[in-house]
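The lines below spell out each chain.
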Amino acid sequence: HAVAAGPEAVQGQYHWKLVTTWPKNFPGLGSGAENLARYVDEMSAGRLKIHVYGAGEIVPAFEVFDAVSQGVADAGHGAAYYWKGKIPASVFFTTIPFGMTAQESNAWLHYGGGLALWQEAYAPFNLIPLAGGSSGVQMAGWFNREINSIADLQGLKMRIPGLAGDVFAEAGGTAVRISGGEIYTSLQTGVIDAAEWVGPYNDLALGMHEVAKYYYYPGWHEPGSMLEFIINKDSFNALPPDLQAIVTYAARAANQDMLDEFTARNNAALQDMVSNHGVQLRRLPDDVLLALYRADQKVMQQLVASDPMAAKVNASYQKFYAGVRAYHHISEQAYI
Ligand code: CA
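Residues numbered from 1 in each chain as written. Predicted model: local features only at pLDDT ≥ 70, side-chain atom pairs only at ≥ 80, totals over all residues. Heavy atoms only, no water.

Participant: Would you explain the coordination of the calcium ion in this entry?
Facilitator: Tetrahedral coordination by four donors sets the ideal angle at the metal to 109.5 degrees; octahedral coordination by six donors sets it to 90 or 180 degrees. Of the protein atoms, only Q138 (OE1), E196 (OE), E196 (OE), W197 (O) and E222 (OE) coordinate the calcium ion, at distances of 2.2 to 2.7 Å. Between consecutive donor residues of the calcium ion, the sequence gaps follow Q-x57-E-W-x24-E. With Q138 in the loop between β4 (127-134) and β5 (141-143) and E222 in the loop between β9 (214-217) and β10 (226-232), the pair connects residues that are 84 residues apart, well separated along the chain. Per residue, the accessibility class of Q138 equals that of E222, and both read buried. (Donors = N, O, S within 2.8 Å, 3.2 Å for Na, K, Ca; no water. Helix = DSSP H or I, 4+ residues; strand = E, 2+ residues; numbered from the N terminus. Buried < 20%, exposed > 50% of the residue type's maximum accessible area, 1.4 Å probe, protein only.)

Printed below as a string of structure tokens:
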């Protein structure tokens, strides 16, 4: 919000509160909002100051959407799929199980009409969404026992958000929805048997290797998780056009930076876990992945049938996905 006239008010200076769904100063995912604030400060020569608050400092993690929508804060950083109870279509803007990679999602959002659909979905909430960084392909998660068949998932309590949680439940597990800051204790105390968080770089930072032994891949459930910046429309409209442009381009830069950071740091973190912390790396068996895929197809059909906006976004997403994936088979995949 613009600073009211007062002794400390600087002419033409704006202060924003940005609330996040991450613990304060959290590396990786948490860097998105910190980078946005820094880029905007530098590019605007201090005319727009964005003050970043971690989960629980102003509002709890899962109240970020409402806080920004209602103007309690000017901006937020989190993941669209956290709001799927409110906006079923929101899952497509983060990631869907067996969906697009980070590179493909970025292309869909910025060159395939995805961002316009996202803005349409958030407009009733007085919010402007922007891509806010990506983890790349995530890991399937941490388990306190080996997963050798689909029977091993039956009744397993796992922290797994988004549409993937519904898929996991359809496959016989129990999906638990808790924020990042609560995962460690929940797994340690046995409230949950398994948890997915991100990938080696962020999972090491959270200490996941201390509370579970088996680390599974691939991240079928989050193949390219896109985070989000959300901006209160009134706060955005109150800025002069040059500051609006700075916020928009700074978000685009912060979005790319996060994927670069994860790509650079994941392997070193994984080697540290395996070599120094006794982590057991495992691949999910093919029949487990196939069972999850079949469950996913069912959940996707239900989602699309239940919500017109989800159907509209899905049509755009699947059309783009088919094209980009066909090309990636003969480019990225063939090359690697
Ligand atoms: Ca995740």
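Let us keep going from here.
Participant: Whenever I open this one, the packing of aromatic side chains confuses me. Can you help?
Facilitator: The relative placement of two aromatic rings is captured by the distance of their centres and the angle of their planes. Within this structure, the stated rule accounts for 20 aromatic pairs. Between F65 and Y122, the aromatic rings sit 5.4 Å apart at their centres with planes inclined by 90 degrees, giving edge-to-face as the arrangement. Taken together, the positions of F65 in helix α2 (residues 64-69) and Y122 in helix α5 (residues 114-122) put the pair 57 residues apart, joining distant regions of the chain. Its relative accessible area of 0% is what places Y122 among the buried residues. Note on F65 and F125: the rings are 5.2 Å apart at their centroids and 70 degrees apart in plane angle, and the pair reads as edge-to-face. With a gap of 60 residues between them, F65 in helix α2 and F125 in the loop between α5 and β4 connect regions that are remote in the sequence. Taking relative accessible area as the criterion, F125 reaches 23% and is therefore assigned partly exposed. A cation sits over an aromatic face here: R177 above F62, 4.2 Å from the ring centre. (Phe/Tyr/Trp six-rings, centres within 6.5 Å; stacked < 30°, edge-to-face > 60°. Lys NZ or Arg CZ within 6 Å of the ring centre and 35° of its normal.)

Participant: Help me understand the sheet that holds β10, please; the structure alone is not making it clear to me.
Facilitator: In a beta sheet, neighbouring strands pair by backbone hydrogen bonds and run either parallel or antiparallel. One open sheet holds the 5 strands; their spatial order is β2-β1-β3-β10-β4, and the pairing between them is mixed. Only two strands of the sheet have a single neighbouring strand rather than two, namely β2 (48-53) and β4. Averaged over all neighbouring strand pairs, the angle between strand axes comes to 25 degrees, with direction disregarded. Relative to β2, strand β1 (residues 14-20) runs parallel, the two being bridged by 6 bridges. Its bridge partner being in β2, K17 is matched across the sheet by H51. Packing of helix α1 (residues 31-43) onto the sheet brings it into contact with β1, β2, β3 (75-78) and β10, and relative to β2 it is tilted by some 165 degrees. Lying on the sheet, helix α10 (residues 241-276) is in contact with β1, β2, β3, β4 and β10; it crosses β4 at an angle near 30 degrees. (Pairing = 2+ DSSP bridges. Axes fitted to C-alpha atoms, helices over the stretch in contact; angles between N-to-C directions. Contact = heavy atoms within 4.5 Å.)

Participant: Honestly, the pattern of salt bridges in this entry has me stumped. Any pointers?
Facilitator: When the charged atoms of two side chains lie near each other, side chains of opposite charge can form a pair. This structure, assessed with the given rule, holds 13 salt bridges. With a shortest N-O distance of 2.8 Å, K312 and E120 are connected by a salt bridge. One end of the pair, K312, is in helix α12 (residues 308-330); the other, E120, is in helix α5, with 192 residues separating them in the sequence. On the accessibility criterion, K312 (41% relative accessible area) is partly exposed. One salt bridge in this structure joins E261 and R265, with 2.7 Å as the shortest N-O distance. You can see E261 and its partner R265 sitting in helix α10, 4 residues apart, about one turn around the helix. Among the residues examined, E261 registers a relative accessible area of 15% and is labelled buried. For R265, a relative accessible area of 42% translates into the label partly exposed. (Salt bridge = Lys/Arg side-chain N within 4 Å of Asp/Glu carboxyl O.)

Participant: Would you mind showing me how to read unusual backbone geometry here?
Facilitator: Apart from glycine, the bulk of residues carry a negative phi angle, and the bulk of peptide bonds sit in the trans form. The omega torsion across Y217 and P218 is -5 degrees, close enough to zero to call that bond cis. When you line up the elements, P218 lands in the loop between β9 and β10. At N25, a position not held by glycine, the phi torsion is positive, near 60 degrees. One can find N25 in the loop between β1 and α1. Residue N25 is classed as exposed on the basis of its relative accessible area, which comes to 60%. Of note in the backbone geometry, A45 takes a positive phi value of approximately 50 degrees without being a glycine. Topologically, A45 is positioned in the loop between α1 and β2.

Participant: Looking at this structure, I do not really get the side chain of Q13. What am I missing?
Facilitator: Mapped onto the fold, Q13 is located in the segment before β1. Judged by relative accessible area, Q13 falls into the buried class, the value being 18%. Side-chain polar atoms of Q13 contact the side chain of H15, separated by 3.2 Å. (Polar contact = N/O pair within 3.5 Å; in protein donor to acceptor, adjacent residues only side chain to side chain.)

Participant: I would appreciate a short explanation of the environment of K157 in the present structure.
Facilitator: Here K157 shows up in strand β6 (residues 157-159). The spatial distance from the C-alpha of K157 to the C-alpha of G173 is 6.3 Å, given a sequence separation of 16 residues. For K157, the residues in contact, after removing those within four places along its chain, are T174, V176, G190, V191, I192, D193 and A194.

Participant: Explain the pairing of β10 to me, please; I cannot follow it from the model alone.
Facilitator: For β10, the buried fraction is high: 7 of the 7 residues fall into the buried class. Residues of β10 alternate between two faces, with M226, E228, I230 and N232 on one and L227, F229 and I231 on the opposite face, all of them buried. The sheet contact formed by β3 and β10 spans 4 bridges and is antiparallel. Bridging across to β10, H77 finds its partner in F229. As paired elements, β4 and β10 share 6 bridges and run antiparallel to each other. Bridge pairing in β10 places L127 opposite N232.

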